[in-house]
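Given next are the chains, with one letter for each unit.
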Amino acid sequence: MSAQDSSEIIELLQRRLHSLNDLHLTLKHIHWNVVGPHFIAVHEMLDPQVEQVRSMTDDLAERISTLGGVPQGTPGALVADRTWDDYSIGRAEAIEHLGALDVVYTRLIEDHREAMAATEASDPVTQDILIEQLRGLELFQWFVRAHLESSGGRLSTADATTEQAAADQAAEQARRQP
């Protein structure tokens, strides 16, 4: 691998590392702030996701090191480098958090897919790591979406582009269901 390719991949992986560290913290935030009749189901669904996301961050940090980089895992580095806002939902019903979390997963998966595509020619080892992580992230999103879909396959948050809009749409759909 060329020094140029390695440098670009390290930068790409650092962005993914920040995203996954942020997801880990967001999942714990939801875990601590979910309320309502589906509290325990969502509360317990999130812990395995947290653990797997933490494992994903370790894999990325180790790959950065393997390529000669220095993984930046401090909160300050994450905040300084990120291009997104903090998760915007505080204490809320489970369905609202799940609606917002669907938006979070969608963005994260899209960015992971771009990184996967960008490593195809230059670093199939990194691409393999990203593919495996996508498998887990998409599975987690499926778990979330199972709470947001109708039996006909309509996603209650399909039109939402923000966390708050998704939370509101999920809550509205839940109110209309018997």
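Figured I'd write up the structure that's included with this text. Model, not experiment: these values are computed from the prediction.

Turning to the overall build of the protein, a few remarks are in order. Scanning the protein for helices and strands turns up six helices and two strands. Written out in order from the N terminus, the α and β elements of the protein read α-β-α-α-β-α-α-α. Relative to its length of 178 residues, the protein is compact, with a C-alpha radius of gyration of 17 Å against a globular reference of 16 Å. Across the 178 residues of the protein, 46% fall into the buried class. Restricting the contact set of the protein to residue pairs at least 6 apart, pairs at least 24 apart contribute 76%.

Taken together, the side chains of L139, W142 and F143 define a hydrophobic patch exposed on the protein surface, amounting to about 310 Å² of accessible area. Relative to the elements of secondary structure, L139 occurs in helix 5 (residues 124–145). Take L139: its relative accessible area is 38%, and that puts it in the partly exposed class.

Looking now at the nonpolar core. Burial of nonpolar side chains together is a common tendency in soluble globular proteins. Judged by nonpolar contacts, the single largest core of 44 residues is most densely connected at L13, L20, L23, L27, L101, Y105 and L137. For this core, the secondary structure elements donating two or more residues are helix 1 (3–33), helix 2 (39–66), helix 4 (94–118), helix 5 and helix 6 (163–176). For this core, the element with the most residues is helix 4, which contributes eleven residues. Discounting chain neighbours no more than four positions away, the residues touching L20 are V53, M56, T57, L60, L108, H112, Q133 and L137.

Applying the stated criterion across every chain, the model contains two aromatic pairs. Judged by centre distance (6.3 Å) and plane angle (50°), the ring pair of Y105 and F140 falls under tilted. Remark: F140 occurs in helix 5 and Y105 occurs in helix 4; sequence separation between them is 35 residues. When its relative accessible area of 1% is taken as the criterion, F140 is described as buried. With centroids separated by 5.7 Å and ring planes inclined at 40°, the aromatic side chains of W142 and F143 adopt a geometry described as tilted. Overall, the relative accessible area of 55% leaves W142 in the exposed class.

Within the secondary structure, N21 is located in helix 1. In this structure N21 comes out as buried when scored by relative accessible area, which is 18%.

A few words now on the side chain of E96. Its location among the elements puts E96 in helix 4. Other than its neighbours up to four places away in sequence, E96 contacts A167 and A171.

On to the pattern of salt bridges, then. The full count for this structure, using the stated rule, is eleven salt bridges. Ionic contacts of the salt-bridge type, sharing partners, join the residues D22, R82 and D86 into one network.

Rules and cut-offs
Residues numbered from 1 in each chain as written. Predicted model: local features only at pLDDT ≥ 70, side-chain atom pairs only at ≥ 80, totals over all residues. Heavy atoms only, no water. Helix = DSSP H or I, 4+ residues; strand = E, 2+ residues; numbered from the N terminus. Rg over C-alpha atoms; globule rule 2.2 N^0.38 Å. Buried < 20%, exposed > 50% of the residue type's maximum accessible area, 1.4 Å probe, protein only. Contact = heavy atoms within 4.5 Å. Patch = residues over 30% accessible without salt bridge, like charges linked within 9 Å, V, L, I, M, F, W, Y side chains within 5 Å. Areas by Shrake-Rupley, 256 points an atom, 1.4 Å probe, with all protein chains shown as cover. Salt bridge = Lys/Arg side-chain N within 4 Å of Asp/Glu carboxyl O. Core = buried A, V, L, I, M, F, W, Y, C linked by side-chain atoms within 4.5 Å. Phe/Tyr/Trp six-rings, centres within 6.5 Å; stacked < 30°, edge-to-face > 60°.

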